[in-house]
Amino acid sequence: MAKLTLSQVGKTYAAGSQAAVSGVDIDIADGEFIVLVGPSGCGKSTLLRMVAGLETVTEGEIRIGDRLVNHVDPADRDIAMVFQNYALYPHMTVRGNMAYGLKNRGESRQAINDRVEQAARMLELTPYLDRKPRALSGGQRQRVAMGRAIVREPAAFLFDEPLSNLDAKLRVTMRGEIRKLQRRLGTTSLYVTHDQLEAMTLADRLVVLNGGKVEQIGAPLEVYNNPASTFVAAFIGSPAMNLLDAQVEGGTLMVEGHRLAQVARDAGPVTVGLRPEDLVLSTSGLPLRIDYVEELGAQRIIHGFIGDQPAAVADGSPDAPLSDIVHVTAARADIHLFDTTTGKRMDLPAETQIAEATA
Amino acid sequence: MADITHTAPTEDRQARRINWGAVSDHAVLIAGALFMMAPLVMLIQMSTIPDAEIMQTGPSLEIGNQFWPNVKKALLGAMSFSGEDTGLSMFRSSMILGLGFAVGKIVISMLAAYAIVYFRLRFATFAFWLIFTTLLLPLEVRIVPSYEVTQKLGLLNTYGGLIIPLIASATATFFFRQFFLSVPDELVEAARIDGAGPVKFFIDILVPLSQTMIAAIFIIMFVFGWNQYLWPTMITTDESKYTLVQGIKQITQSLEGTHIPEFGRSNLLAVLAVLPPVAVVIFFQRWFVKGLTESDK
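Residues numbered from 1 in each chain as written. Chains lettered and ligands numbered in written order. Predicted model: local features only at pLDDT ≥ 70, side-chain atom pairs only at ≥ 80, totals over all residues. Heavy atoms only, no water.

Chain B is annotated in an unreviewed UniProt entry as sn-glycerol-3-phosphate transport system permease protein UgpE from Allosediminivita pacifica. Check the Sequence similarities (unreviewed entry) section of the UniProt entry for chain B; it says "Belongs to the binding-protein-dependent transport system permease family." In the Subunit (unreviewed entry) part of its UniProt record, chain B is described as follows: "The complex is composed of two ATP-binding proteins (UgpC), two transmembrane proteins (UgpA and UgpE) and a solute-binding protein (UgpB)." (UniProt positions renumbered as here; feature names shortened; annotations may be inferred.)

Looking up chain A in an unreviewed UniProt entry gives the name Carbohydrate ABC transporter ATP-binding protein (CUT1 family), with the organism given as Allosediminivita pacifica. On record in UniProt, under Sequence similarities (unreviewed entry), the comment for chain A is "Belongs to the ABC transporter superfamily."

## Some points on the overall build of chain B
The number of helices and strands found in chain B is 15 helices and zero strands. In chain B, which comprises 297 residues, the proportion classed as buried is 36%. In chain B, once contacts between residues fewer than 6 apart in sequence are set aside, the share between residues at least 24 apart is 74%. Working note: accessible area of chain B is about 17,100 Å², and carbon and sulfur atoms make up 69% of it. (Helix = DSSP H or I, 4+ residues; strand = E, 2+ residues; numbered from the N terminus. Buried < 20%, exposed > 50% of the residue type's maximum accessible area, 1.4 Å probe, protein only. Contact = heavy atoms within 4.5 Å. Areas by Shrake-Rupley, 256 points an atom, 1.4 Å probe, with all protein chains shown as cover.)

## Looking at the interface of chain A and chain B
Between chain A and chain B, the contact holds 22 residues from the first and 17 residues from the second. Here chain A and chain B share an interface that buries about 1,800 Å² over both sides, 58% of which is from carbon and sulfur atoms. Counting across the interface, chain A meets chain B through two salt bridges. We note a salt bridge from D194 of chain B to R152 of chain A, for which the minimum N-O separation is 3.3 Å. When residues of the side of chain A that touches chain B are traced back to their parent elements, those giving at least two are β6 (79-82) and α2 (94-105) of chain A. Residues that form the side of chain A that touches chain B fall into these classes: 13 nonpolar, five polar and four charged. (Buried area = accessible area lost by both parts, 1.4 Å probe. Salt bridge = Lys/Arg side-chain N within 4 Å of Asp/Glu carboxyl O. Nonpolar A, V, L, I, M, F, W, Y, C, P; charged D, E, K, R; others polar.)

## Overview of the sheet that holds strand β15 (residues 280-282) of chain A
As a general point, the strands of a sheet are linked pairwise by backbone hydrogen bonds and lie either parallel or antiparallel. All names here are of chain A. The five strands are arranged β15-β19-β16-β17-β18 in an open sheet whose pairing can be described as antiparallel. The open sheet has two edge strands with one neighbour each: β15 and β18 (309-315). Each adjacent strand pair in this sheet contributes to an overall mean axis angle of 50°, direction not counted. (Pairing = 2+ DSSP bridges. Axes fitted to C-alpha atoms, helices over the stretch in contact; angles between N-to-C directions.)

## Describing the layout of surface pockets
For the largest pocket, the calculated volume is near 890 Å³. Along its surface, the largest pocket is lined by 26 residues, and L54 of chain A together with Y118, R120, V188 and R192 of chain B are the ones closest to its centre. Secondary structure elements with two or more residues in the lining of the largest pocket: α5 (87-118), α10 (185-193) and α11 (198-209) of chain B. With four residues, α10 of chain B is the single largest residue contributor to the lining of the largest pocket. Of the residues belonging to the lining of the largest pocket, the class tally is 12 nonpolar, five polar and nine charged. Of the volumes computed, that of the second largest pocket is approximately 550 Å³. For the lining of the second largest pocket, the secondary-structure elements that each account for two or more residues are α5, α9 (170-182) and α12 (211-226) of chain B. Of the residues that constitute the lining of the second largest pocket, the class distribution is 13 nonpolar, four polar and three charged. (1 Å grid on protein atoms, 1.4 Å probe; cavity = no way out; pocket = protein on both sides within 12 Å on 5 of 7 lines; lining within 4 Å. Points joined across faces, edges and corners; volume = space filled by probe spheres on them.)

## What about the UniProt feature "transmembrane region" (unreviewed entry) in chain B?
Residue and element names in this part refer to chain B. Taking the numbering used here, the UniProt-annotated feature "transmembrane region" (unreviewed entry) corresponds to residues 26-46, 95-116, 123-139, 159-180, 201-224 and 268-289. Taken end to end, residues 26-46 has its terminal C-alpha atoms 29 Å apart, with 100% of it in helix and 0% in strand. Annotated as residues 95-116, this span is 100% helix and 0% strand, and its ends, taken at the C-alpha atoms, are 31 Å apart.

## Comments concerning the packing of aromatic side chains
A full pass over the atoms with the stated rule returns 27 aromatic pairs over all chains. Taken together, Y114, Y118, F119, F176, F179, F180, F201 and F202 of chain B form an aromatic cluster joined through their ring pairs. It is R148 of chain A that lies over the ring of Y89 of chain A; its NZ or CZ is 5.0 Å from the centre. One Lys or Arg, K241 of chain B, reaches over the ring of Y159 of chain B and ends 5.4 Å from the middle of that ring. (Phe/Tyr/Trp six-rings, centres within 6.5 Å; stacked < 30°, edge-to-face > 60°. Lys NZ or Arg CZ within 6 Å of the ring centre and 35° of its normal.)

Encoded structure:
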């Protein structure tokens with residue numbers, strides 16, 4: 001068990017080509033569960049593979065504990081990795097799969113046996129120890145892959161989208177199991193996923209990546225409540241946050257000519273972010289022309305347009321009748337403002353107070 | 001009661017219904033099998049009657065009493081002054097050639113494919129295609145230089161000379177390359193994290209994974225090696241190193257004119273020459289089909 005430090009880590013595949021990952025700084029405390037999340041191609045897997053030693057590091061430093069591991073062989077980094085397709089050795093039994101790494105390290109037969117048995121008990125794999133991976137279900141294979149990681153007793157676990165080959169129901173169960181297991185073992189973990197829900201539920205801290213750069217690092221709720229940019233705002237949360245073009249005119253935030261709130265800002269265009277679940281149906285406010293409605297049982301998602309801009313509202317009272325046009329408002333604290341050109345978050349604490357005072 | 005009388009006839013009708021499709025399929029297959037086996041049966045029949053009688057009547061349905069004497073002659077009798085080219089010694093030579101061929105080719109081509117697929121070599125693709133183009137240069141085309149090299153290495157009349165010059169195989173290298181390419185990259189990475197170096201990965205992971213592939217290549221190469229005629233004829237003048245395929249030719253050829261050809265004996269040698277390839281195919285059949293059609297991952 002150890003902390004994990006990435007400083008200014010970057011990866012460029014061919015000289016002159018665009019960097020796949022650049023300038024990543026992450027400090028991971030001992031025992032912390034960090035989730036790297038982002039759309040496909042954002043460099044999250046590359047980053048993980050650099051920590052694993054499967055990709056060379058072209059810039060910056062990676063430290064496991066206090067040891068610089070940039071040029072250390074994967075086997076000597078004291079890490080264990082769980083792969084998306086499990087990568088179990090098909091010709092070996094479950095026991096063989098878990099023991100192989102220990103055998104190569106030259107552990108005694110007795111020690112290997114003890115650890116494998118212990119991991120199998122923990123993962124409820126004991127009855128399957130002498131089966132081949134072929135004879136196991138997807139969830140069981142997943143557990144074997146985890147077992148293979150556990151028996152190594154590494155400084156850090158690396159997970160590369162380990163749940164994306166499972167069906168939806170199993171994914172939820174395994175998600176819980178991974179979380180519980182990590183808590184119990186207290187092993188520092190780095191987990192890659194493109195699924196923001198998985199990221200939110202598992203992480204101690206999220207690292208949102210976009211185009212090879214870190215967009216935001218923070219606890220799940222912090223990222224959800226204070227997205228640092230329009231990218232994070234749109235990526236975290238489901239249904240996605242509504243991002244609308246708006247204007248500040250004389251201290252008033254106007255969307256498509258309708259007043260939304262008072263803000264202490266200079267006049268000019270801004271991007272306003274409104275979570276569907278923060279929007280409230282009311283008699284006045286922004287007019288939403290309804291396009292279609294998704295019924296989810298406990299709530300319904302109303303999709304429509306404010307002016308020409310698409311927007312969604314999560315409505316908690318699915319039985320109430322709807323007219324063609326509804327009006328929505330949001331509390332000032334739930335309104336996120338972003339710079340139109342850079343996409344960066346721009347509200348300041350002082351400003352919020354002023355807005356509340358004037359509203 | 002009513003139920004029973006009602007259902008009984010329908011059951012009968014179902015039991016009696018004949019699947020004519022299956023019958024005709026089997027008829028065709030059985031006819032084909034008989035047709036293919038007929039020459040072999042004729043060979044064995046002819047070996048049971050005296051050679052002189054065959055000269056007069058040709059193949060017949062008669063079963064004579066010469067089978068065991070012919071077997072003895074075929075296995076133990078030599079047809080030269082040296083007395084070293086008995087059926088058994090030729091069988092041994094053929095076996096060494098076939099096995100050496102198959103095993104050698106598998107080892108060499110697996111290593112070549114391993115290098116091409118898993119190591120960042122300069123010109124790996126070029127090397128692969130270079131190996132592949134050797135398919136265009138079969139033994140017959142390059143037999144004179146091949147012979148010269150073998151002779152200069154002093155390998156004439158040795159098993160080494162029989163096997164080594166033919167041991168490189170573009171076909172097997174190609175098959176193994178395709179197979180290795182289909183092995184998921186994550187397996188290599190998992191092995192690397194598990195601390196398996198290149199040699200360990202090859203022996204612990206890749207070879208066991210290739211089992212079915214190895215079996216399939218083994219059959220093909222064993223039969224190919226066993227049936228070699230031209231190369232052994234060129235390389236061996238020592239009669240103790242003659243192979244079966246050579247020996248059969250020798251019998252019918254050398255005894256023509258002066259004697260009645262020893263049909264019985266040569267026929268039995270021919271049967272002996274057929275047996276091992278058949279045995280190998282039967283033994284490895286399951287693996288063979290699996291290896292060439294499905295991937296075990």
